[in-house]
Amino acid sequence: MPREVREVVFVDGVRTPFGKAGGMYAETRADDLVIRCIRELLRRNPQLPPERVEEVAIAATTQTGDQGLTIGRTAALLSGLPKTVPGYAVDRMCAGAMTAVTNVAGGIAMGAYDIAIAGGVEHMGRHPMGEGVDPNPRILAEKLVDPSALVMGSTAENLHDRLPNITKERADRFGLNSQLKTAKAYADGKLQPDMVPVALRNAELGWGLATVDEAPRATSMEKLATLKTPFRPHGRVTAGNAAGLNDGATAAVLADEATARELGLPVAMRLVSYAFVGVEPEVMGYGPIPATEKALKKAGLTIDDIGLFELNEAFAVQVLAFLDHYGIADDDPRVNPWGGAIAIGHPLASSGVRLMTQLARHFEEHPEVRYGINAMCIGIGMGGTVIWENPHWEGADK
């Protein structure tokens, strides 16, 4: 039976403030972070009957402890959704939430359901990346990958080796600009509307409230030049030009466009295409480039059609490689207008929805832009890209 592919829209997205690993969320459960996000989505969108949510997909890279037990299902139950709402867990490392979104989008597009929630959580303070894993020894013994492929910072150093034009100074400059843009975005009130306050408990300090990200900091090129290079002596990757270790969660509502309009839900973005690819694990930061090429080809677009970019800043070198490939300047105002993960933080599996939520806000402010991109590098040698259309595009009625 032939099926009609339906338009999938991004309705709304929220996130917790991102904390430093073991910082303000040291005594907060991981699942409670994502539950807080789901509850906020329901509060912000009272026109969405909870029983109309038909799936909850939540990503976590380390699926154990308070990030385990099929977290999509348990988070749905604890968020107050009806027991009839199913859920599941996703793992694609850094692109977990991105994959949760594209997974449910596929289900919506083919009619399996009309509305779903997708997101991610990572509590790197409780569950460091790689906790409890047991890599098959044949991966290294049979030389399928170099040992450096299992250390993300080492893969960034490898990418620097292959792209010597991306110097440490250039990476530091990009990191500094990320901090400056994030500080300005906070001062202008851009980030706060989509952040969910989280109650904090500390055995010594008592109760508190998280309302801002913990990682952003004032710095300078002089300070950045003095930072250690932990992955290689005299290397180029430092804490100043890479994302830190973080705790945080995100969640978003996705829907069939006709259903969203029937219920009076906002249409923030329209899904155009997406792609995931594999690359050499030793240079996983290269992944967004072929992923974007694939997504553009599927959409029948070129990079010149893209007016806004929200790129995950796992490492500055990874973003700079992308920009160089497409001939985009390091300081192009279309790229990460409010800064990125170097300043804000990168709680692995949660970050994809942060990128999407920010792109949706940019679309509101830029009706002259029709298409935008989210792109991420992904551990063990992958890349992911999602292309969105701006429903506010001023050319739509022409």
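Predicted model, so just to flag it, every value in this text is computed and none were measured. (Residues numbered from 1 in each chain as written. Predicted model: local features only at pLDDT ≥ 70, side-chain atom pairs only at ≥ 80, totals over all residues. Heavy atoms only, no water.)

**Here we look at the UniProt feature "domain: Thiolase N-terminal" (unreviewed entry) in the protein chain**
1) Next: As recorded in UniProt, the sites labelled "domain: Thiolase N-terminal" (unreviewed entry) are residues 8–257.
2) Next: The straight-line gap between the two end C-alpha atoms of residues 8–257 is 6 Å; of that span, 31% is helix and 19% is strand. (UniProt positions renumbered as here; feature names shortened; annotations may be inferred. Helix = DSSP H or I, 4+ residues; strand = E, 2+ residues; numbered from the N terminus.)

**Describing helix α2 (residues 71–78)**
1) Next: Within the sequence span of α2, burial applies to Ile-71, Gly-72, Thr-74, Ala-75 and Ala-76.
2) Next: Next to the buried residues of α2 lie α1 (30–44), β3 (56–59), β4 (87–90) and β5 (115–123).
3) Next: Of the residues flanking the end of α2, it is Gly-80, one or two places downstream, whose phi is positive at about 95°. (Buried < 20%, exposed > 50% of the residue type's maximum accessible area, 1.4 Å probe, protein only. Contact = heavy atoms within 4.5 Å.)

**Considerations on the packing of aromatic side chains**
1) Next: A full pass over the atoms with the stated rule returns four aromatic pairs.
2) Next: Residues Phe-322 and Tyr-326 carry aromatic rings whose centres are separated by 5.0 Å and whose planes lie at 55° to one another, so their mutual orientation is tilted.
3) Next: Through pairs of rings, three or more aromatic residues link up here, namely Phe-309, Phe-322 and Tyr-326.
4) Next: Above the plane of the ring of Phe-18 lies Arg-15, whose end atom (NZ or CZ) is 4.6 Å from the centre.
5) Next: The cationic tip of Arg-92 hangs over the ring face of Phe-276; the distance from NZ or CZ to the ring centre is 3.8 Å. (Phe/Tyr/Trp six-rings, centres within 6.5 Å; stacked < 30°, edge-to-face > 60°. Lys NZ or Arg CZ within 6 Å of the ring centre and 35° of its normal.)

**Remarks on empty space enclosed by the protein**
1) Next: A full pass over the atoms with the stated rule returns one cavity of 30 Å³ or more.
2) Next: Computed from the structure, the largest cavity encloses a volume of approximately 70 Å³.
3) Next: Lining the largest cavity, in full, are Arg-15, Lys-190, Leu-191, Asp-194, Met-195, Trp-338, Arg-354, Thr-357, Gln-358 and Arg-361.
4) Next: Sorting elements by how many residues they give to the lining of the largest cavity places helix α12 (residues 351–365) first, with four residues.
5) Next: For the lining of the largest cavity, a count of residues per class yields three nonpolar, two polar and five charged. (1 Å grid on protein atoms, 1.4 Å probe; cavity = no way out; pocket = protein on both sides within 12 Å on 5 of 7 lines; lining within 4 Å. Points joined across faces, edges and corners; volume = space filled by probe spheres on them. Nonpolar A, V, L, I, M, F, W, Y, C, P; charged D, E, K, R; others polar.)

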